[in-house]
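Here is what each chain is made of, one letter per residue.
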Amino acid sequence: MQKIIRRIIVLKIAIIEDHERDHLYIKHLVQQYFLDKEILIEICSFFSIPENKLLFEDFSLVFLDVQIGKENGIQWGKQLIAQYPDLTILITSAHPQYLIDGYCIPAARYFLKPVDPDIFSFEMDDVLARPVFLRHQGICDPRIAPYKILFSEIVYIEYLDRKTHIVLADGTRLESTIALKEWMSILKGQAFGQPYKSFLVNLCFVESILPKDVVVSKGHIPLSKHFRKSFIQAFDRANRSLS
């Protein structure tokens, strides 16, 4: 039997650029940046402005040139932001005067082409730290659900009976065959901590830490002596980053 390979997509990214060389260069920068960050992505390439804006419902990032052929990327970007206010748009242009026009869009960043790799990495670090962007991060995997699950909606994950059980903020409970070790890799860099060998907890939902328990909005999670110190350190780091 042929093995089915499933891809875990943490971020969906669109590049809208009609010049092939610029398109490939931006794609390379994006791939290298997220590879270094160990963040799994899917890149969708557009060489013209898509007519159907519903395509962007599950996207986290859009790299948008201000001029796509004869079409105005600025006006289209305004419409896209109006439809998806939490979407993170990054404007690109080879002409400084066009970037000034781009300021009428509430974009996260404005890049002058050709984009310097060091400037790109520096600016992207700030983009990833923005609360609106963090809220958009999640996972699309058929082993969990046929739709995107946002990390910010996961309260905790428990490994039980050879399955991982995902508890969401709205009370939804999902089952998955993804092992806890794989979840730890997926959630690397996210605000999650491990209080017990079979649990991963979203630190944003932690209400208090007791001697033997972690109190979250959906109940109590066991806290072992082995994981107590590292969990409290992770909790403190998460609180400092949010303050």
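About the thresholds
Residues numbered from 1 in each chain as written. Predicted model: local features only at pLDDT ≥ 70, side-chain atom pairs only at ≥ 80, totals over all residues. Heavy atoms only, no water. Salt bridge = Lys/Arg side-chain N within 4 Å of Asp/Glu carboxyl O. Helix = DSSP H or I, 4+ residues; strand = E, 2+ residues; numbered from the N terminus. Buried < 20%, exposed > 50% of the residue type's maximum accessible area, 1.4 Å probe, protein only. Axes fitted to C-alpha atoms, helices over the stretch in contact; angles between N-to-C directions. Parallel < 35°, antiparallel > 145°, perpendicular 65-115°, else oblique. Left-handed = near helix turned anticlockwise from the far one by under 90°. Contact = heavy atoms within 4.5 Å. 1 Å grid on protein atoms, 1.4 Å probe; cavity = no way out; pocket = protein on both sides within 12 Å on 5 of 7 lines; lining within 4 Å. Points joined across faces, edges and corners; volume = space filled by probe spheres on them. Nonpolar A, V, L, I, M, F, W, Y, C, P; charged D, E, K, R; others polar. Phe/Tyr/Trp six-rings, centres within 6.5 Å; stacked < 30°, edge-to-face > 60°.

A word on the pattern of salt bridges
Then comes step 1: A complete count under the given rule lists 9 salt bridges for this structure.
Then comes step 2: With its nearest N and O atoms 2.7 Å apart, the salt bridge here joins Lys113 to Glu17. You can see Lys113 sitting in the loop between β7 (109-112) and α4 (117-129) and its partner Glu17 sitting in the loop between β1 (11-16) and α1 (20-36), a full 96 residues away along the chain. There is no split in this pair, since Lys113 and Glu17 are both buried.

Regarding the packing of α1 against α4
Then comes step 1: Contact geometry for α1 and α4: axes closest at 11 Å, N-to-C directions at 60 degrees. If you check the angle between α1 and α4, you find them oblique. The handedness of the crossing between α1 and α4 comes out as right-handed. On the side of α1, the interface is formed by Tyr25, Leu29, Val30, Tyr33 and Phe34, while α4 contributes Pro117, Phe120, Ser121, Met124, Asp125 and Leu128.

A look at the layout of surface pockets
Then comes step 1: When its volume is computed, the second largest pocket comes out at roughly 210 Å³.
Then comes step 2: Lining the second largest pocket we find Glu57, Asp58, Tyr84, Pro85, Asp86, Leu87, Arg135, His136, Tyr147, Lys148, Leu150 and Glu153.
Then comes step 3: Partitioning the lining of the second largest pocket into residue classes produces 5 nonpolar, 1 polar and 6 charged.

Observations concerning the packing of aromatic side chains
Then comes step 1: In this structure the tally under the stated criterion is 9 aromatic pairs.
Then comes step 2: For the pair Tyr33 and Phe34, a centre-to-centre distance of 5.2 Å together with 90 degrees between the ring planes defines the contact as edge-to-face.
Then comes step 3: For Tyr33, a relative accessible area of 5% gives the class buried.
Then comes step 4: Ring centres of Phe63 and Phe120 lie 6.0 Å apart, and the angle between their planes is 25 degrees; this geometry places the pair in the stacked category. Pair noted here: Phe63 is in strand β3 (residues 61-65) and Phe120 is in helix α4, with a separation of 57 residues, a long-range link. Here Phe63 and Phe120 have matching classes, each one buried.

Just geometry here; none of it tells us what the structure is for.
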